[in-house]
Every structure is written in C-alpha cells, then in structure tokens.
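One letter stands for each residue in the lines below.
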Amino acid sequence: MSQGTVTSADGTAIAYTAWGDGDPIVLIDGATAHRATTPENAQTAELLAGGFLVINYDRRGRGDSGDTAPYAVEREFEDLAAIIERAGGGRPATVFGWSSGGHLALNAAQAGVPIARLALFEPPVIADDGHPPLPPDYVERLDAAVAEGRPGDAVELFLTAVAGMPEEAVGGMREADFWPALEAVAPTIAYDGRNVGDTMSGKPLRGDLWDKVGVPVLVLYGEDTWPHLATGARALADHLPTATLKAVPGENHSTSPSVLAPVLRDFAEGA
C-alpha cells in the first residue's frame, strides 16, 4: 500500500491510496464519503491487489484533498484524469463509482477521460413517478445553506431529500458524534448534486446525456435494496447501449467487499 497526492489541472492536490500492481481500478465515493469513512474501499482493494493497481482517492473538498473555488463538475473530471494519468500510470482504468460517484464516473467518460470500463453501484436515478423527485432548487438550497454558515442544514437537506430520512430522525442525529464530520464535508454535497443533474427529476433520462459513453458499463444493485434504487439501476442500464445489469447480495445501498471484489475482478478482466 502507498499513499500520495496528484496535482489536478487547476493546482488542487488530490490525495489517494494505492494497493497492488497491474491495470488500474479507481474507486470513487459518493456524497459525503471519503477514504476515512469508507473502510470497505480499502478492504475491497486488498482483495483485488494481487492482480490490479487499485486506487481510492479523496474527492476534492473531502478528507486530505484540497479544494479550489469556483467549483465546476469539470474540475472533478480533471481530478479523475490526474489520478488515472499519474497514480495509475496513464493506462485506461476500470472506474467504479458508489452511488452518485457513479454519475461522476459517467460524466467523466462522456467528457473524454480515458476510462476503459465503468462499474456503478446504485447510481441514484429517478426517471418515473415511482419515488418523489429531488426538489428542483436542491443545489441552490445546498449552496445557500453553506454560504450562510448553516452546513448542518445542507446535511439535513441531503439526508431528507436524497436519502429519504424523516426530518425528526435527522434532528436527533445532529447531537451524534459523527455529525461534525458530516458538516465538514457539507460544501461538497452540492458537488454531487451538480453531477447528478436532472437524473433524479422523475423524467426519463435525456437521450444525449451519456451518448458518447461507448465503453462497457456494469450497473450493480443490491438484491435487497430500496425499490426505487433498483428501478433506477434498471432505467440506467436500459438507457446505456453498452450496459449490463447485475443484482448482487446487499442491503440498503451497500454491499460487502467479499461480494464486490470478485464482481469487479471479473468485469475488469473482461469476463
């Protein structure tokens, strides 16, 4: 295992951890998550390290990575490109995205970042009336809460509007030991909102959304996940001509490294 940083195109330092050697597999976290909060990424990487160079990085504004204003989704494409070029040796990578990290991966591939394969675990998609859509002013409300010094309100909006938690449950969480860590990454929640775009609007996915993504795509969802996430995974797989849909054991928007690693290994090997 090794740790280091790469410098993105705008000068931002992006911190990463790498395991093993071989063709690169890059792991991208979803909203609020980073290396210190997702030990399952390290466990998955250790299981894959015998045949691959596995890289997990802190997205900008989280963990040990820097951030440079103003934000634009293109900056995160550049971050991923820097990880692939410098940490991954420039070889086209298999990129795995958890949740909204999958949207970042798809958007980066659409923008031309050198990606060989895309694996996505339950990227949130609401393309019908089976689940309430995101509020149309979701990103603007997140930005306003952070700008006004109310990071907790931004976290609460994410937990209620995206994760579907009741407001009273979130109110109780504000006293928990982990709440300050969520507030610390609150400015980056809107980053995921921008990457998700209109894919949680309740409307069918736009035809031109990822029309330049021609690489193999594996869309994963947990067999016991929330129904709307399974529906969204199916909608995404149906939308992408090169996609394969696969159900894996897992509950509530997650799966275990012992289950995920073999699936990623087979996909990265082209099996």
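The coordinates are above.
Residues numbered from 1 in each chain as written. Predicted model: local features only at pLDDT ≥ 70, side-chain atom pairs only at ≥ 80, totals over all residues. Heavy atoms only, no water.

Participant: Any chance you could explain the packing of helix H2 (residues 73-87) against helix H3 (residues 100-110) here in plain terms?
Facilitator: Working note: a packed helix pair is described by the angle between its axes plus the distance between those axes. Running from amino to carboxyl end, H2 crosses H3 at an angle of 85°, the nearest separation of the two axes being 9 Å. On the basis of their axis angle, the class for H2 and H3 is roughly perpendicular. Listed contacts from H3 to Glu-76, Phe-77 and Leu-80 of H2 are Leu-104, Asn-107 and Ala-108. For the contact of H2 with H3, the residue count by class is four nonpolar, one polar and one charged. (Axes fitted to C-alpha atoms, helices over the stretch in contact; angles between N-to-C directions. Helix = DSSP H or I, 4+ residues; strand = E, 2+ residues; numbered from the N terminus. Parallel < 35°, antiparallel > 145°, perpendicular 65-115°, else oblique. Contact = heavy atoms within 4.5 Å. Nonpolar A, V, L, I, M, F, W, Y, C, P; charged D, E, K, R; others polar.)

Participant: Mind showing me how you'd approach unusual backbone geometry here?
Facilitator: Among all residues except glycine, the phi angle is most often negative; among peptide bonds, the trans geometry is most common. A cis amide bond links Ala-69 to the next residue, Pro-70, at an omega of -5°. Relative to the elements of secondary structure, Pro-70 occurs in the loop between strand S4 (52-57) and H2. Here the phi dihedral of Ser-99 falls at roughly 50°; this positive angle occurs in a residue that is not glycine. Structurally, Ser-99 can be placed in the loop between strand S5 (93-98) and H3. A relative accessible area of 17% means that Ser-99 is categorised as buried. Positive phi is not limited to glycine here, since Glu-122 has a value of about 50°. With respect to the secondary-structure elements, Glu-122 resides in the loop between strand S6 (115-121) and helix H4 (138-147). (Buried < 20%, exposed > 50% of the residue type's maximum accessible area, 1.4 Å probe, protein only.)

Participant: What am I meant to see in the layout of surface pockets here?
Facilitator: To find the voids left in a structure, one rolls a probe of water-molecule size over its atoms. Roughly 870 Å³ of internal volume is contained in the largest pocket. Residue lining of the largest pocket: 38 residues in total, with Ala-31, Thr-32, Ser-99, Phe-158 and His-253 positioned closest to the centre. Of all elements in the fold, only helix H1 (39-48), helix H5 (151-162), helix H7 (179-184), helix H8 (189-196) and helix H9 (227-239) reach the threshold of two or more residues within the lining of the largest pocket. Its residues assigned to classes, the lining of the largest pocket comprises 23 nonpolar, twelve polar and three charged. (1 Å grid on protein atoms, 1.4 Å probe; cavity = no way out; pocket = protein on both sides within 12 Å on 5 of 7 lines; lining within 4 Å. Points joined across faces, edges and corners; volume = space filled by probe spheres on them.)

Participant: Any chance you could explain the nonpolar core here in plain terms?
Facilitator: Within the largest apolar cluster, 45 residues are counted, with the highest numbers of intra-cluster contacts made by Val-26 and Leu-118. Among the elements that line this core, the one with the most residues is H2, at seven residues. With near-sequence residues (within four places) excluded, Val-26 lies in contact with Ile-55, Tyr-57, Leu-80, Ile-83, Ile-84, Ala-93, Thr-94, Val-95 and Phe-96. In this structure, Ala-145, Ala-154, Ala-161 and Ala-190 belong to the second largest nonpolar core, which totals 22 residues. (Core = buried A, V, L, I, M, F, W, Y, C linked by side-chain atoms within 4.5 Å.)

Participant: How do you make sense of the packing of aromatic side chains when you look at a structure like this?
Facilitator: Remark: the centre distance and the inter-plane angle together describe each pair of aromatic rings, the angle taken between the planes. Going through the model one piece at a time under the given rule, you end up with three aromatic pairs. Look at Phe-96 and Trp-98: their rings are 5.0 Å apart centre to centre, the planes differ by 80°, and that puts the pair in the edge-to-face class. The exposure class of Phe-96 is buried, given its relative accessible area of 1%. Here the aromatic rings of Trp-98 and Phe-121 are separated by 5.3 Å at their centres, their planes lie at 65°, and the arrangement is edge-to-face. With a gap of 23 residues between them, Trp-98 in strand S5 and Phe-121 in strand S6 connect regions that are remote in the sequence. Comparing Trp-98 with Phe-121, the two get one shared label, buried. Taken together, the aromatic side chains of Phe-96, Trp-98 and Phe-121 make up a single cluster linked through ring pairs. (Phe/Tyr/Trp six-rings, centres within 6.5 Å; stacked < 30°, edge-to-face > 60°.)

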